[in-house]
Amino acid sequence: MAGIRPTTSTSQASSAQLFTSRLLLLLTLLPLTLAAFAFLLQWRGGLTDPTTRWSPDHHEFPGMESISGSIKDTIRNSGSGCTDLLGQSHSLSFPYFRDWKFGFGSDLKPKICITTSTSAGLEQTLPWIFYHKVMGVSTFFLFVEGKAASPTVSKVLETIAGVKVIYRTRELEEQQAKSRIWNETWLSSFFYKPCNYELFVKQSLNMEMAIVMARESGMDWIIHLDTDELIHPAGAREYSLRQLLMDVPGNVDMVIFPNYESSVERDDIKEPFSEVSMFKKNYDHLPKDVYFGNYKEATRGNPNYFLTYGNGKTAARIQDHLRPNGAHRWHNYMKTPNEVKLEEAAVLHYTYPKFSDLTSRRDRCGCKPTKEDVKRCFMLEFDRSAFIIASTATEEEMLLWYRERIVWTDRALNLKLLRKGILTRIYTPMVIVQRLRETGVFSSVIASAQAVLSSVKNSNSSTAGVTSSSKIGHDGESKATARRVLQIPDNYSFSSAIPPLSPPGLEGIHIEM
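The residue numbers shown here count from 1 along each chain, following its written sequence. Reporting of local features is limited, given that this is a predicted model, to residues whose pLDDT is at least 70; pairs of side-chain atoms are given and counted only at 80 or more, and all residues count toward the totals for whole chains, interfaces and linings. Side-chain numbers come from the whole structure's heavy atoms, not from hydrogens or water.

- Looking up the chain in an unreviewed UniProt entry gives the name Glycosyltransferase family 92 protein, with the organism given as Salix brachista.
- If you open the UniProt record of the chain and go to Subcellular location (unreviewed entry), you find "Membrane".
- UniProt positions are given in the numbering used here, feature names are shortened, and annotations may be inferred rather than shown by experiment. As its UniProt record puts it under Sequence similarities (unreviewed entry), the chain is described as follows: "Belongs to the glycosyltransferase 92 family."

As structure tokens, this is what we get:
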């Protein structure tokens, strides 16, 4: 009897050990089998791996169904001067991109308008307009002068649905001289100064007029952008400005978009929206230790972290008593607006992306190229330096200066700052604009405009469809709206308009490393 008990105990232990071994084998094989099955489905196209969906090698971006060609090729070619950024075989699909006809209007909510003051040609304004149409913008108020006001440009712009062209005529200037903000003190410190100061005042006056036009057009939001800036609605549920603003709480009056600045890698850029993918991030989107810890390397000997401004742009909800507060902000006559600053979305500012920008800016300003005189013409230090170089140096010297100050040719430094998060790659706008070009959107607009203009000329009705500045704010309804939007008490005072401001510098900053 005594010899039987050990045998029973050993048998039970063996059975338990066998059961445990089989259980461990099952638990090991089960996840391996599931992983193999998932891999098989993904390999055959049954699943999309979420970790690679938005990678640079994948062909889909938020709001797109498919993009032909390889994004990897786009990335490689963006630095080599190749203009064929995308293939030709597939079609795109964006949220407000209906067979490239952009046939949306009253069904689009919220209604968003953009106002700008520009002298740019079609090579810049057409990609700018249609990119923002893809983003969900329905209406554009273009205050044009210079090249933008020439018949070959303005007549094309007038034929685009949702685009309203306002010319800078004597009548418009007389009308704006009677406006409220011209007779208020908050903008007066910028009056009667040339170049950038004059532009700043024009932009503010045009923004005031655009508020009235936006109100009459039933707009919900208004944004002031220059034609060298694109909205980058990162962080929205889809790559859409409309979706981003739709998600803004109803008690928010204004939304601040921090700006990113283009960091060009070549000196022969021709089409910035299609060729530039590297940007320097805004101070507001970086940890302070990262920003200040890499400040000197990021400035590369320039006066500031950004070449030009760093205080972003703002979208304002259309409401009573809204007014501009300079080109970068909006304000309200009757209250302090409730503002929010976006943590991911940004304005992409294409700053001096072409070598020719040096001379084109010089040619628009009649100041003397001295350190003292440029102070009365330009608000920011880099613009002053660029004007002096463009006015006094030879073309060879200008190109050398441009490469040293603007072009990012040091790949090791670029990679370091990309890893640190100072620089970032943004491809979606480049892909959208290039695809718009390849599918013939811009060329078809020009061709259609030429056909319309030819027909109009033959019928002796060349003024049809033109938005005349003489009609803005002159009829009874417009005057009533203007009074409702702009009326304020006589004893109300305001701080000065917010000018373009440089990002924070190292002066007085103590960094703990």
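More follows now that the structure is in view.
**Considerations on the state of the cysteines**
Consideration 1: Criterion for a disulfide: a pair of cysteine sulfur atoms within 2.5 Å. Evaluation of the coordinates by the stated rule reveals 2 disulfides.
Consideration 2: The disulfide partner of Cys195 is Cys365, and the gap between their sulfur atoms is 1.7 Å. Here the S-S torsion is close to 80°, and the disulfide linking Cys195 with Cys365 is therefore right-handed. One end of the pair, Cys195, is in the loop between helix H5 (170-177) and helix H6 (196-216); the other, Cys365, is in the loop between helix H11 (356-363) and helix H12 (381-392), and 170 residues separate them in sequence.
Consideration 3: In this scheme, a residue with accessible area under 20% of its type's maximum is buried, one over 50% is exposed, and one in between is partly exposed, where area comes from a 1.4 Å probe on protein chains only. Of the residues examined, Cys195 reaches a relative accessible area of 13% and is grouped as buried.
Consideration 4: By relative accessible area, Cys365 is classed as buried at 10%.
Consideration 5: Here Cys367 connects covalently by a disulfide to Cys377, the sulfurs 1.4 Å from one another. One disulfide, between Cys367 and Cys377, carries an S-S torsion of -95° and so falls in the left-handed class. Taken together, the residues Cys367 in the loop between H11 and H12 and Cys377 in the loop between H11 and H12 connect sequence positions 10 residues apart.
Consideration 6: Judged by relative accessible area, Cys367 falls into the buried class, the value being 8%. Labels follow the DSSP assignment, with helices taken as runs of H or I lasting at least four residues and strands as runs of E lasting at least two, numbered in each case from the N terminus.

**Looking at the sheet that holds strand S5 (residues 229-232)**
Consideration 1: The 5 strands lie next to each other as S5-S13-S7-S8-S14, forming an open sheet whose pairing is mixed. Edge positions in the sheet fall to S5 and strand S14 (423-425), since each has one partner strand and no second. The sheet shows a mean angle of 35° between the axes of neighbouring strands, taken without regard to direction.
Consideration 2: One bridge is not enough; two strands pair if DSSP finds at least two bridges between them. Sheet topology note: the S5/strand S13 (residues 346-349) ladder contains 4 bridges and is antiparallel. The partner of Leu230 across the bridge, within S13, is Leu348. Axes, fitted as lines to C-alpha atoms, cover a helix only where it is in contact. Angles between the N-to-C directions of the axes lie from 0 to 180 degrees.

**Regarding the environment of Ser262**
Consideration 1: Along the chain, Ser262 falls in strand S7 (residues 259-262).
Consideration 2: We classify Ser262 as buried; its relative accessible area is 6%.
Consideration 3: A C-alpha to C-alpha distance of 7.2 Å links Ser262 and Pro353, two positions 91 residues apart in sequence.
Consideration 4: Among all residues touching Ser262, those that are not within four sequence positions of it are Val276, Met278, Phe279, His349, Tyr350 and Thr351.
Consideration 5: From its side chain, Ser262 meets the backbone nitrogen of Thr351 in a polar contact 2.9 Å long. Contacts between residues were defined by any pair of non-hydrogen atoms, one from each residue, lying within 4.5 Å. Counted as a polar contact is a pair of N or O atoms within 3.5 Å, where, for protein atoms, one must be capable of donating a hydrogen and the other of accepting one, and residues adjacent in sequence contribute only when both atoms are in side chains.

**A word on the sheet that holds strand S6 (residues 254-257)**
Consideration 1: Taken together, 7 strands build an open sheet; the order of strands is S3-S2-S1-S4-S9-S6-S12 and the sheet is mixed. At either margin of the open sheet sits one strand with a lone partner, and together these are strand S3 (163-167) and strand S12 (339-341). Geometrically, the sheet is characterised by an average inter-axis angle of 20° between neighbouring strands, direction not taken into account.
Consideration 2: Pairing geometry for S6 and S12, over 3 bridges, is parallel. Looking at S12, one finds that Met254 is bridged to Glu339.

**Structural notes on the packing of aromatic side chains**
Consideration 1: Each aromatic pair joins two rings of Phe, Tyr and Trp (for Trp, the six-membered one) with centres within 6.5 Å, and gets the label stacked for planes under 30 degrees apart, edge-to-face for over 60, and tilted for any other angle. A full pass over the atoms with the stated rule returns 20 aromatic pairs.
Consideration 2: Between the aromatic rings of Phe130 and Phe442, the centroid separation amounts to 6.2 Å while the plane-to-plane angle is 55°, which identifies the pairing as tilted. Of this pair, Phe130 sits in helix H3 (residues 122-134) while Phe442 sits in helix H16 (residues 441-458); the two residues are 312 residues apart in sequence, bridging distant segments of the chain. A single burial state applies to Phe130 and to Phe442, both of which are buried.
Consideration 3: Where Trp182 meets Tyr192, the ring centres are 6.1 Å apart and the plane angle is 80°; that geometry is what we call edge-to-face. With Trp182 in the loop between H5 and H6 and Tyr192 in the loop between H5 and H6, the pair connects residues that are 10 residues apart, well separated along the chain.
Consideration 4: Looking at Trp182, the relative accessible area reads 25%, which means it is partly exposed.
Consideration 5: Residue classification places Tyr192 among the exposed positions, given a relative accessible area of 74%.
Consideration 6: Taken together, Tyr283, Tyr291, Phe292, Tyr295, Tyr305 and Phe306 form an aromatic cluster joined through their ring pairs.

**Focus: helix H13 (residues 395-405)**
Consideration 1: Within H13 the residues assigned to the buried category are Met398, Trp401 and Tyr402. Taken end-on, H13 shows its buried residues confined to a sector of 100°, consistent with a single buried face. Here the arc refers to the directions that run from the helix axis out to each C-beta atom.

**So, the side chain of Arg266**
Consideration 1: Looking at where Arg266 falls in the secondary structure, it is placed in the loop between S7 and helix H8 (272-275).
Consideration 2: Of note is the side chain of Arg266, whose polar atom sits 2.7 Å from the side chain of Asp268.
Consideration 3: At 2.5 Å, the side chain of Arg266 and the side chain of Glu275 are in polar contact.

**Comments concerning the nonpolar core**
One recurring pattern in soluble globular proteins: nonpolar side chains tend to sit buried together.
Consideration 1: Counting residues in each nonpolar core, the largest one holds 72 residues, and the members touching the most others are Leu157 and Phe257.
Consideration 2: Broken down by element, this core gets its largest block of residues, 7 residues, from H3.
Consideration 3: Excluding residues that lie within four positions of it along the chain, Phe257 makes contacts with Ile231, Leu241, Leu244, Gly312, Lys313, Ala315, Leu342, Ala345, Ala346 and Val347.
Consideration 4: Only buried residues count toward a nonpolar core, which is a set of Ala, Val, Leu, Ile, Met, Phe, Trp, Tyr and Cys residues joined through side-chain atoms within 4.5 Å. In terms of nonpolar packing, the next biggest core, distinct from the first, is built from 18 residues, Leu172, Met213, Ile318 and Trp330 among them.

**Regarding the environment of Phe306**
Consideration 1: Relative to the assigned elements, Phe306 resides in the loop between helix H10 (295-299) and strand S9 (313-317).
Consideration 2: It is 6.7 Å that separates the C-alpha atoms of Phe306 and Pro503, two residues lying 197 residues apart in sequence.

**Some thoughts on the environment of Val137**
Consideration 1: Within the element layout of this structure, Val137 appears in the loop between H3 and strand S2 (139-144).
Consideration 2: Judged by relative accessible area, which is 0%, Val137 ranks as buried.
Consideration 3: Along the chain, Val137 and Ile114 lie 23 residues apart, while their C-alpha atoms are 7.3 Å from each other.

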